[in-house]
Amino acid sequence: MTKSNRAQALLRKAETPAPAPAMERRRAAAAPEPESAPVDVTHLRRKSDPVRRESEPYLGYFLISEGWSMTAIAMGIAAMMLWLNQFRMPGPVVLGLLGAAVAMVAAARLFVSFERTSRRPLALRVAAMVAGVVVPMLLYGAGLAMWFASGMLSEPVLLIGAMVVVGLVMAVTLSGRLFTMVAAKLALWTPIALALGSVYTLVTLVLGGGIGLVAALRQLGIDRAGQAEQREMRHAQMRAEELLNEFEKTGQGWFWETDRKGALTYVSPNIIALLGREEGDLIGRPLTDLFVMQEQEQVGERTLLFHLNARSGFNDLALRAAKDGDEQWWAVNGRPVYDAFNNFLGFRGAGSDLTEKRRSEQHATRLAHFDSLTGLANRFQMSQTLEKILSAPKVDHRDCAVFLLDLDRFKQVNDTMGHPAGDALLKQVSQRLQRTVGEAGRVGRLGGDEFKVILPGRIARDKLATLATSIIENLSQPYSIDGARVVIGASIGIAMAPDDGVTSEAIIRNADLALYAAKDRGRGVYHFYDEELHSDAEERRQLEHDLRDALAHGGLELYYQPSVALSQQKITGFEALLRWNHPTLGRLSPAKFVEVAEDTGLITQIGEWALRTACHDLARWPEHVRAAVNVSPLQFANPALPTIITNALAAAGVDPARLELEITESVFLNDSANTDAMFTALKRIGVRLALDDFGTGYSSLGYLKKAPFDKIKIDQSFVRGATMPGSRNGAIIASIVSLADALGMETTAEGVETLDELDLVRELGCSHVQGYIFSKPLPRDEADMRLSSGGIIEARGPRSARAPRRTMLRKVMLTAQGRRYPATIRNISENGAMFEGLTDVPMGMEMLIELSDDLAVGATVRWSRYGRTGVAFAEPVAFEGSGAIIRASLFGPQDRDGEAPTYRQVG
């Protein structure tokens, strides 16, 4: 059905009240609604559209097609192929004719524009067609005919083939334009027919051309008569369409129509635009896709589906539009449609705006149940939702899962960019969170940067893990706040009812413990509740208490790891590293207590203490020695940092150039004027700046253009494995060194532990090295001793790194030269293994180790003593995260001497 026919039907339906279904069927049978056949009116335009009316042709089509210029390519290729076949250049007259023809066809846009830019009389349009199509075809045919007549084309079949190719392309480009096509073919073939000199050819051409012209003229008359008939029909239908459009444009209402299966066949364009969708996305979709059926509208959803299934009319049904942003509510009415044989065809109906009325009714409720900033459910509403689920009458309806979310690094945004920026960030976070969770659950904001998600029903742990991963990934994507790029993260704690509790208090408490566990694991992860978390929480609380005591009573200390200049192999500085010897737990890893310090805010005090202590120790060392101190993002964001550094340097009497501040890329997460101002203030003091852990952060290389760094520290993750075959780390290190050299910066390779790694970074041009190959971090007294002996240091360590080995106790079968032996693998790496069970195994013997029924690996014996044997795999094996072997290459042992060896089994 065309839009005009639909418009007439919709207007009639809108003006008529919805009758009962039985009455509707009787009326449909008595006076069936005429359904007009679809009419192609694509070439017609409204009278009110002067631009389109100007370009409207008198005929049903324009005489010159827009793609006519493509024929020039075929003409040029055909002529080129004729020349390549003979390798003889035609005369200048032939070249001129062919070139002129190709040029005129290539310039077809001029003739097309002439015909279409204004309403031309038919005579002028035909003249344009003759000049743009007939004349170049005549010239091209004449050129080929003269070329043939000159004797250069010895085979007529080549000429005919070229003409056929050009004719085919011409037929395609002039498709639907019979008059133009006949004229073009006559113009193309006439010179050829004359050149061939055959009477039969000329007669055939004249007869065929005459028949074609007669058919073209007859079709031209049919097209013009059909166009006039269609124009009259269009004018008769236009009034209903214009009334429908005017009604829709005023915003007073809109229309819709479905087929018998409930799929949309029409919906008003203003509704499509309002929903932010494309027409193709909605047509063919169920009518219910236009609406959002939330929990509080379940009754309305069932009512709508009831009417659709019962094929009964309905009026003023309140439904919410399925659109992002502000809520839109509609009062929708509809009625079923039947044909003359009482067959159900679908529904037609209309809708009107209910938004303002709904807003006024819900405003008071929203203030009490929803967060005013983000529009999410507030703490009270989320508590009610959880209580409602946990107190359901049926026990199997009390299952649910609760996500507690905390934004990582959100406080830094508030501190550096201000609370308005933080509010804008929270709004974007809430939108992403709602889109990710979707209809699976309810999302709420508890306050600050804390969010809660309630997922009703029993959901498998793996599906919860997948959803948590999606939330973390989506919330960790960059945000744009006031023109600045901001990157944050999210940590999630998960608790399930009734497994982790049957009351709301227990579920929230356990989800909170799981959240803390997620933060302990490094943030940006999720964690399910486990009973052991209670003891972990107590341990964390005690650790925080002990850390405060250690800071207050001198329990912390600094160790110094040497930074060695490769040119002299001499200590030129130390990196200050925080250490804590706990009174009862012994020496703790910084990874265990630094995060506690960051969460509790103690990191700022600890950082200030580290600066003062390092400056005090630096004063004891020679003038050429520097000290590097790590500065956390929280310290860097503190406006008082320059004052703290200045006071520490002045109290110790140290030259500022001897102090080096190591800053990670995370300080650029909120790339703002405050960041640039801090760099300017620090360089004004005179301290050196080093970019730590380069390449592992979140920023781009753009900050190197404006951040005044003196040194780039290459993270140890690039050094590890750089000497392994196939590793790309060496190329990355070389690129970083080249970049630093171009910017006038030094480079320090961190984590160098083997001699081959040292040789590599020296060869790649690194100026300094830190790592166990020279020394572990030293207490201050040992650092003093190293410097007192001149600071010369020797590299000591293994020649190369060995692949990590995994302890294993697995029974396997070995096959060597036709015999099988049982053995037990004790440890394994990707390159080899050590097993027990055989002795006197000769060096270099090849064997097959059957790790399982369908997994085997070839190996070569490297050593054998005391009942233990070490083998190297023919090809590396791969391990999954759990440690299980997931790939091994089959390798058949070769029988070198044709005899099976004899081994003694051990044990």
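Just so we're clear, the structure is a prediction, and the values are computed from it rather than from any experiment.

Undergrad: Whenever I open this one, the environment of A318 confuses me. Can you help?
TA: Mapping A318 onto the fold places it in strand 4 (residues 314-321). When its relative accessible area of 33% is taken as the criterion, A318 is described as partly exposed. Sequence separation of A318 and R358 is 40 residues, and the distance between their C-alpha atoms is 9.3 Å.

Undergrad: Whenever I open this one, the sheet that holds strand 25 (residues 832-836) confuses me. Can you help?
TA: Paired through their backbone hydrogen bonds, the strands of a sheet run either parallel or antiparallel. Taken together, the 6 strands give a closed barrel; going around it, the order is 23-24-25-29-28-27, and neighbouring strands pair in antiparallel fashion. Ignoring which end each strand starts from, the neighbouring axes of this sheet average 45 degrees apart.

Undergrad: Can you walk me through the pairing of strand 4 in this structure?
TA: Looking along a regular strand, one sees the side chains alternate between the two faces of the sheet. The pairing of strand 3 (residues 291-292) with strand 4 spans 2 bridges and is classified as antiparallel. The residue of strand 4 that forms the bridge with F291 is A321. Note: strand 4 against strand 5 (residues 329-338), 5 bridges, orientation antiparallel. Across the sheet, A318 pairs through a bridge with A331, a residue of strand 5.

Undergrad: Where do I start with the nonpolar core in this structure?
TA: Note that soluble globular proteins tend to have their nonpolar side chains buried in a common cluster. By size, the foremost hydrophobic cluster in this structure holds 77 residues, and its most contacted members are I645 and L682. The leading source of residues in this core is helix 22 (residues 602-618), at 8 residues. With residues near it in sequence (within four places) discarded, I645 still touches L611, L659, L661, L682, I685 and V687. I64, W68, M75 and A78 belong to the second largest nonpolar core, which has 38 residues in total.

Undergrad: Honestly, a nonpolar patch on the surface in this entry has me stumped. Any pointers?
TA: Among the surface-exposed residues, M70, I73, I77, M80, M81, L84 and F87 lie close enough to one another that they form a single nonpolar patch of about 730 Å² accessible area. Along the polypeptide, M70 turns up in the loop between helix 3 (50-54) and helix 4 (71-86).

Undergrad: Help me understand the sheet that holds strand 4, please; the structure alone is not making it clear to me.
TA: Pairing is antiparallel across the open sheet formed by 6 strands, whose spatial order is 2-1-6-5-4-3. Two strands lie at the open edges of the sheet, namely strand 2 (264-267) and strand 3, each paired on one side alone.

Undergrad: Please clarify how helix 21 (residues 590-600) should be interpreted in this entry.
TA: Residues lying three or four places apart along an α-helix face the same way, a consequence of the helix completing one turn every 3.6 residues. Buried within helix 21 are the following residues: F593, E595, V596 and A597. Positioned one or two residues after helix 21, G601 has a phi angle of 85 degrees, which is positive.

Undergrad: Looking at this structure, how should I read the pairing of strand 18 (residues 659-664)?
TA: By the criterion of burial, strand 18 is predominantly enclosed, with 5 of the 6 residues buried. As paired elements, strand 17 (residues 626-631) and strand 18 share 5 bridges and run parallel to each other. Note that in strand 18 the partner of A628 across the bridge is E660. With 5 bridges joining them, strand 18 and strand 19 (residues 688-694) adopt parallel strand pairing. For I663, the partnering residue across the bridge sits in strand 19 and is L691.

Undergrad: For this particular structure, what's the right way to read unusual backbone geometry?
TA: Across the chain, the bulk of peptide bonds are trans and the bulk of non-glycine residues have phi less than zero. Residue P498 follows A497 across a cis peptide bond; omega there is 5 degrees. Inspection of the secondary structure assignment puts P498 in the loop between strand 12 (489-497) and helix 19 (504-520). Located in the positive-phi region is Q817, a residue other than glycine, with phi close to 50 degrees. Within the secondary structure, Q817 is located in the loop between strand 23 (806-816) and strand 24 (819-828).

Undergrad: Sorry, what's going on with the side chain of H307 here?
TA: Residue position: H307 is located in helix 13 (residues 298-310). Residues in contact with H307, not counting those within four places in the same chain, are S312, G313, F314 and F347.

Undergrad: Help me out: how do you make sense of the packing of helix 21 against helix 22 in this one?
TA: Geometrically, a packed helix pair is captured by the angle between its two axes and the distance between the axes. It is at 5 Å that the axes of helix 21 and helix 22 come closest, and there the two elements cross at 115 degrees. Between helix 21, through V594, A597, E598 and T600, and helix 22, the contact on the second element is made entirely by L602, I603 and I606. Each residue belonging to the contact of helix 21 with helix 22 can be placed in one class, and the counts come to 5 nonpolar, 1 polar and 1 charged.

Undergrad: Where do I start with the side chain of T71 in this structure?
TA: Checked against the element boundaries, T71 lands in helix 4. Reaching out from T71, the side chain makes a polar contact with the side chain of T173 at a distance of 3.1 Å.

Calculation notes
- Residues numbered from 1 in each chain as written.
- Predicted model: local features only at pLDDT ≥ 70, side-chain atom pairs only at ≥ 80, totals over all residues.
- Heavy atoms only, no water.
- Helix = DSSP H or I, 4+ residues; strand = E, 2+ residues; numbered from the N terminus.
- Buried < 20%, exposed > 50% of the residue type's maximum accessible area, 1.4 Å probe, protein only.
- Pairing = 2+ DSSP bridges.
- Axes fitted to C-alpha atoms, helices over the stretch in contact; angles between N-to-C directions.
- Core = buried A, V, L, I, M, F, W, Y, C linked by side-chain atoms within 4.5 Å.
- Contact = heavy atoms within 4.5 Å.
- Patch = residues over 30% accessible without salt bridge, like charges linked within 9 Å, V, L, I, M, F, W, Y side chains within 5 Å.
- Areas by Shrake-Rupley, 256 points an atom, 1.4 Å probe, with all protein chains shown as cover.
- Salt bridge = Lys/Arg side-chain N within 4 Å of Asp/Glu carboxyl O.
- Nonpolar A, V, L, I, M, F, W, Y, C, P; charged D, E, K, R; others polar.
- Polar contact = N/O pair within 3.5 Å; in protein donor to acceptor, adjacent residues only side chain to side chain.

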